[in-house]
Amino acid sequence: MSLFKKLQAALPKSKGVKISLIAFIIVGVIGAVLVGLLVRNLVMGMTIINLPGAPIDKPTKVETVVDETQEPEFVDVPVENLKLPDPWDGKSRVNLLLMGLDYRDWQAGDIPRTDTMILFTLDPIHNTAGMISIPRDLWVPIPGFDYDKINTAYFLGEAWKMPGGGPEMAKRTVEELLGVPIQYYAQVDFTAFESFIDNIDGVKVKVTEEVRIDPIGEGEEGKPIYLQPGTHVLPGNLALAYARSRSTEGGDFDRANRQQQVVLGIRDRIVKFNMMPKLIANAEKLYGDLSSGIKTNLGLDQAIKLGLKALEVPKDQIKHVVITGQYVNFAKSPDGLDILVPITDKIRLLRDEIFLSGIAVGPAATGSDVLELAKLENATIAIQNGSGVEGLAEETAEYLRSMGLQVVEAVNTDYIFYSQVNLFGSKPYTLKYLVDLMNITPSSRITIQYDPNSQVDIVLFLGQDWGTENPMP
């Protein structure tokens, strides 16, 4: 029985519980697989222990290993018929930006900056997902403003009351950095994060080196503790402290890896231990705990469909990468701040490991399936003939038009040996079809340069290889 049918069978009929369950799906399913419920306070710095009322004390080493074999208790839920929307239609890739806001700004009552930015992507056709952690100190152009740290984009959007506020400004900034469209955003409060972790009976993480964590308000006035190497099942407060810790040598880069570890741990907890019955039975409490801690532009119907699809992605098809020191140059800003200057080409290649996995080297739908999806995208295609073969541009254009694609330009250009393709709009299946048709490999010959102002969605460059080996009739 599919996951969707199991969920349908288990749902109670009460309208109140249905509303609560929708909140759970947004937080639990999408959060577990795509956003992991990382939160505005998730990655606040170790300086939190210097705030008033939280005295620094000598840390105490504490062993927190939990019995791996202990199974969570399940609650029997009566089977009722409750109509949910059909599973997500799966006709387009979805990208979502998670933003966690800086705790220090929050505490001071100032307009916050982002302290966590993770881009999540789901490719429904190839059943793959991925996430990219973005350092807060990246020195980038903020649309409509000057260069600044990427964590100020949210602040500027809020302070200057830009259209869409902080979330939209942060989205646009990351779009320009990575060259991909972002449809959705999510902000999740730290209390929602802790509560959800506790409702799934903790999250399992594997610690490879001693890590100092600082749970807020725990024990003796928030006294720091050490997690020892080994496997741990952490409750909400310790999972939060683990994800925000940057006490190891890699600092923020290590912290980003820990965040992703927690994301996958949540996903594993729900799937491995079949947490659905328990979470559904506790839907009313979950709604009360979580409803005020989520801000997103996802509609309820979208969230349900996306969440159900996301849980079907196998773990080995979820890629996760971090923009670490090898993708940046360490520098100083004009006012003397430590900044990370992005090496754009390297970052785009890292991005391609996530976004091209299903196009260049990943599992593929059949050619006819991809063509039908490409037709639905109605992408505008410009062809530039660099093959040296006279008339090949128009011949290729007519062939693609006969296949139902929209070619709006066919011209000659400078000679190139290998065919290439540039993607400017969100048209992944048209790209997939052209890449397969023309055997465009490796991925370095595929460029994603998201630009909503581009006159076309795709520019296809015909090389000599297409002039001698094309399969057109």
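Note that the coordinates shown come from a computational prediction; the quantities given were computed from them, not determined experimentally.

Student: Just to check I follow, could you spell out the overall build of the protein for this structure?
Tutor: Along the protein, the regular secondary structure elements total 17 helices and 20 strands. In the protein, buried positions account for 55% of the 473 residues.

Student: Got a minute to help me understand the pairing of strand E14 (residues 328-332) in this structure?
Tutor: Taken residue by residue, a regular strand's side chains alternate between the two faces of the sheet. Both E14 and strand E15 (residues 338-342) contribute to a ladder of 5 bridges, which runs antiparallel. In the strand pairing of E15, Lys332 is matched with Asp338. Remark: 5 residues form the turn of the hairpin made by E14 and E15, two consecutive strands paired antiparallel; Gly336 in that turn has positive phi of roughly 90°.

Student: What exactly am I supposed to notice about helix H5 (residues 165-178) here?
Tutor: Turn by turn, an α-helix covers 3.6 residues, leaving residues three or four places apart pointing in a common direction. Taking 1.5 Å of rise per residue, the 14 residues of H5 would be expected to cover 20 Å, and the 20 Å separating its terminal C-alpha atoms lies within 8% of that figure. Within H5, 11 of the 14 residues are buried, leaving the element largely enclosed by the surrounding structure. Taken together, the buried positions of H5 are occupied by Gly165, Gly166, Pro167, Met169, Ala170, Lys171, Thr173, Val174, Glu175, Leu177 and Leu178. Count one or two residues on from H5 and you reach Gly179, which has phi positive near 75°.

Student: Got a minute to help me understand the packing of aromatic side chains in this structure?
Tutor: When we look at a pair of aromatic rings, we describe it by the centre distance and by the angle of the planes. Summed over all chains, the structure comprises 2 aromatic pairs. Each ring, one from Phe145 and one from Trp160, has its centre 6.2 Å from the other, and the planes form 55°; the classification is tilted. Residue Phe145 is located in the loop between strand E5 (139-141) and strand E6 (147-149), and its partner Trp160 is located in the loop between helix H4 (153-159) and H5; the two are separated by 15 residues in the primary sequence. With relative accessibility at 30%, the residue Phe145 sits in the partly exposed group. Residue Trp160 is classed as exposed on the basis of its relative accessible area of 59%.

Student: Could you clarify how one ought to interpret the pattern of salt bridges in this entry?
Tutor: A side chain of one charge can pair with a side chain of the opposite charge when the charged atoms of the two come close. All told, the structure shown has 16 salt bridges when counted by the stated rule. A salt bridge links Arg212 to Asp214; the nearest nitrogen and oxygen atoms lie 3.6 Å apart. Look at Asp214 and you get buried, because its relative accessible area is 3%. A salt bridge links Arg246 to Asp252; the shortest N-O distance between them is 3.4 Å. Look at Arg246 and you get partly exposed, because its relative accessible area is 23%. Overlapping salt bridges bring together Asp115, Arg136, Arg246, Asp252 and Arg255 as one network.

Student: Where do I start with the environment of Ala379 in this structure?
Tutor: Turning to its location among the elements, Ala379 is positioned in the loop between helix H14 (367-377) and strand E16 (380-385). Under the relative-accessibility criterion, Ala379 is labelled buried at 3%. C-alpha separation for the pair Ala379 and Val408, spaced 29 residues apart in sequence, amounts to 9.8 Å. Discounting chain neighbours no more than four positions away, the residues touching Ala379 are Gln406, Lys427, Thr430 and Asp457.

About the criteria used
Residues numbered from 1 in each chain as written. Predicted model: local features only at pLDDT ≥ 70, side-chain atom pairs only at ≥ 80, totals over all residues. Heavy atoms only, no water. Helix = DSSP H or I, 4+ residues; strand = E, 2+ residues; numbered from the N terminus. Buried < 20%, exposed > 50% of the residue type's maximum accessible area, 1.4 Å probe, protein only. Pairing = 2+ DSSP bridges. Expected span 1.5 Å × (residues − 1). Phe/Tyr/Trp six-rings, centres within 6.5 Å; stacked < 30°, edge-to-face > 60°. Salt bridge = Lys/Arg side-chain N within 4 Å of Asp/Glu carboxyl O. Contact = heavy atoms within 4.5 Å.

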